[in-house]
Amino acid sequence: MLKLFATGLVGLVIVVLAEIAWRVWRIPNEISRKSVHICIACFVAFWPLYLSYQTIGFIAILLLIITILSSRLAILGSIHEVSRQSFGAYLFPISILVLALIKPEHLIFTLAMLNLGLADGFPALIGRKFGDSNKYKVFGQTKSVTGTTSAFLASILILSVAKFVDGPQLVLLSWFGVFMLAVLVALTENIAALGTDDLLVPLVVTLVLKSL
């Protein structure tokens, strides 16, 4: 129970800080939203180290309920005030729930969530800053070469570090495989519309690594 309480408290602090930054310092919504996305996903990535998959699934359901209620009650504007249509806020906890049901090895869960946080989160932030001159449209959504490149680089960095640190678990993933999985992550992030990348990116990473 103490672990569950501490986990909820950390998540609450991250969201509250983002909300304060959005309301008080007028930080652009996309920045506050993606900052929460990155921080929470990186935090969730290490939950299997101290929480069971049953507990993780319970938290994911709770997060989904909170997300729906906060959207309906028009609170947490730092997360829900999005200029484009997106289901990402709802699919984020669903992705955690799906992984908890699949119950992959802890390392695979960690890599899936880190890719969701970093390889999916950074493209929006970097594209916003450096993507004005290299934008393009995919299924009606604006993307940028710099954003997509950052997704690839973030993914290949995550997978490479994991292979160095915990090589025995990833022995069947060759360096070419690292490259191709990073390409697949970047491609998924690029073409997934309406925030569905929040579900598809971790699912792709999990299914590919579990198939090895």
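As a convention, each chain's residues are numbered from 1 in the sequence order in which they are written. Totals for whole chains, interfaces and linings use all residues, but because this is a predicted model, local features are given only for residues with pLDDT of at least 70 and pairs of side-chain atoms are given and counted only at 80 or more. Side-chain measures here rest on the full set of heavy atoms in the structure, leaving out hydrogens and waters.

## Here's the deal with the environment of Leu 116
Argument step 1. Helix and strand assignments come from DSSP, with helices taken as H or I runs of at least 4 residues and strands as E runs of at least 2, each series counted from the N terminus. Mapping Leu 116 onto the fold places it in helix H6 (residues 106-130).
Argument step 2. Sequence separation between Leu 116 and Ser 95 is 21 residues, and the spatial gap between their C-alpha atoms is 9.4 Å.
Argument step 3. With residues up to four places along the chain from it excluded, the contact list for Leu 116 reads His 37, Ala 41, Phe 92, Ser 95, Gly 121, Asp 197, Asp 198, Val 201 and Pro 202. Two residues form a contact once any of their heavy atoms are found within 4.5 Å.

## Considering the confidence of the model for the chain
Argument step 1. Confidence of the predictor at the level of single residues is given by pLDDT, which spans 0 to 100. Summary statistics for the chain give a mean pLDDT of 84 and a share of 90% for residues scoring 70 or more.
Argument step 2. Taken element by element, the chain is modelled with least confidence in helix H4 (residues 77-80), mean pLDDT 56, and with most confidence in helix H9 (residues 197-210), mean pLDDT 94.

## Quick notes on the nonpolar core
Argument step 1. Within the largest apolar cluster, 42 residues are counted, with the highest numbers of intra-cluster contacts made by Trp 47, Ile 56, Ile 96, Leu 111, Met 113 and Leu 209.
Argument step 2. Sorting the residues of this core by element identifies helix H1 (2-24), helix H2 (29-44), helix H3 (53-72), helix H5 (88-102), H6, helix H7 (145-165), helix H8 (175-191) and H9 as the ones contributing at least two each.
Argument step 3. If one sorts the elements of this core by residue count, H6 sits on top with 10 residues.
Argument step 4. For Leu 111, the residues in contact, after removing those within four places along its chain, are Ile 158, Leu 159, Ala 162, Leu 170, Val 205 and Leu 209. Note on terminology: a nonpolar core comprises buried Ala, Val, Leu, Ile, Met, Phe, Trp, Tyr and Cys residues joined through side-chain atoms within 4.5 Å. Exposed residues in this analysis have more than 50% of their type's maximum accessible area, buried residues have under 20%, and partly exposed residues fall in between, with area computed by a 1.4 Å probe over protein chains only.

## What about unusual backbone geometry?
Argument step 1. Here the phi dihedral of Lys 103 falls at roughly 55°; this positive angle occurs in a residue that is not glycine.
Argument step 2. Mapped onto the elements, Lys 103 comes out in the loop between H5 and H6.

## Considering the side chain of Ser 150
Argument step 1. Among the secondary structure elements, Ser 150 is positioned in helix H7.
Argument step 2. Not counting residues within four places of it along the chain, the set of residues in contact with Ser 150 comprises Phe 122, Pro 123 and Ile 126.

## Overview of the packing of aromatic side chains
Argument step 1. The criterion for an aromatic pair is that two Phe, Tyr or Trp rings (for Trp, the six-membered ring) have centres within 6.5 Å, with stacked assigned to planes under 30 degrees apart, edge-to-face to planes over 60 apart and tilted to the rest. With the rule as written, the count across this model stands at four aromatic pairs.
Argument step 2. Measuring from centroid to centroid gives 5.5 Å for Phe 152 and Phe 179, while their planes differ by 80°, and the two rings are edge-to-face. Pair noted here: Phe 152 is in helix H7 and Phe 179 is in helix H8, with a separation of 27 residues, a long-range link.
Argument step 3. Residue classification places Phe 179 among the partly exposed residues on the basis of a relative accessible area of 38%.
Argument step 4. Summarising the aromatic geometry, the rings of Phe 164 and Trp 175 are spaced 5.4 Å apart at their centres and angled 50° between planes, so their arrangement reads as tilted. Linking Phe 164 in helix H7 with Trp 175 in helix H8, this pair joins segments that are 11 residues apart in sequence.
Argument step 5. Trp 175 sits in the partly exposed class, given a relative accessible area of 44%.
Argument step 6. Put simply, a charge is over a ring when the Lys NZ or the Arg CZ is close to the ring centre, within 6 Å, and near the line of the ring normal, within 35 degrees. Taking the ring centre of Trp 175 as reference, the NZ or CZ of Lys 163 above it sits at 5.6 Å.

## Details of a nonpolar patch on the surface
Argument step 1. Candidate patch residues must exceed 30% relative accessible area and have no salt bridge, after which like charges are joined if within 9 Å and Val, Leu, Ile, Met, Phe, Trp or Tyr side chains if within 5 Å. Per-residue and other accessible areas were derived by the Shrake-Rupley procedure at a 1.4 Å probe size, with only the shown protein chains allowed to occlude residues. Whenever a carboxyl oxygen of Asp or Glu lies within 4 Å of a side-chain nitrogen of Lys or Arg, that contact is scored as a salt bridge. Judged by side-chain polarity, Leu 2, Phe 5, Leu 9, Leu 12, Val 13, Val 16, Leu 17, Ile 20, Val 24 and Trp 25 come together as a nonpolar surface patch covering roughly 1000 Å² of accessible area.
Argument step 2. The residue Val 13 is located in helix H1 in this model.
Argument step 3. Since its relative accessible area comes to 41%, Val 13 is described here as partly exposed.

## With respect to H2
An α-helical turn contains 3.6 residues, so any two residues separated by three or four positions project in the same direction.
Argument step 1. One less than the residue count of a helix, multiplied by 1.5 Å, gives the span that helix is expected to have. With 16 residues, H2 extends 22 Å from end C-alpha to end C-alpha; this agrees with the ideal 22 Å at 1.5 Å per step.
Argument step 2. Summarising burial for H2: 12 of the 16 residues are buried, a large majority.
Argument step 3. Within H2, burial applies to Asn 29, Glu 30, Ser 32, Arg 33, Lys 34, Val 36, His 37, Ile 38, Ile 40, Ala 41, Phe 43 and Val 44.

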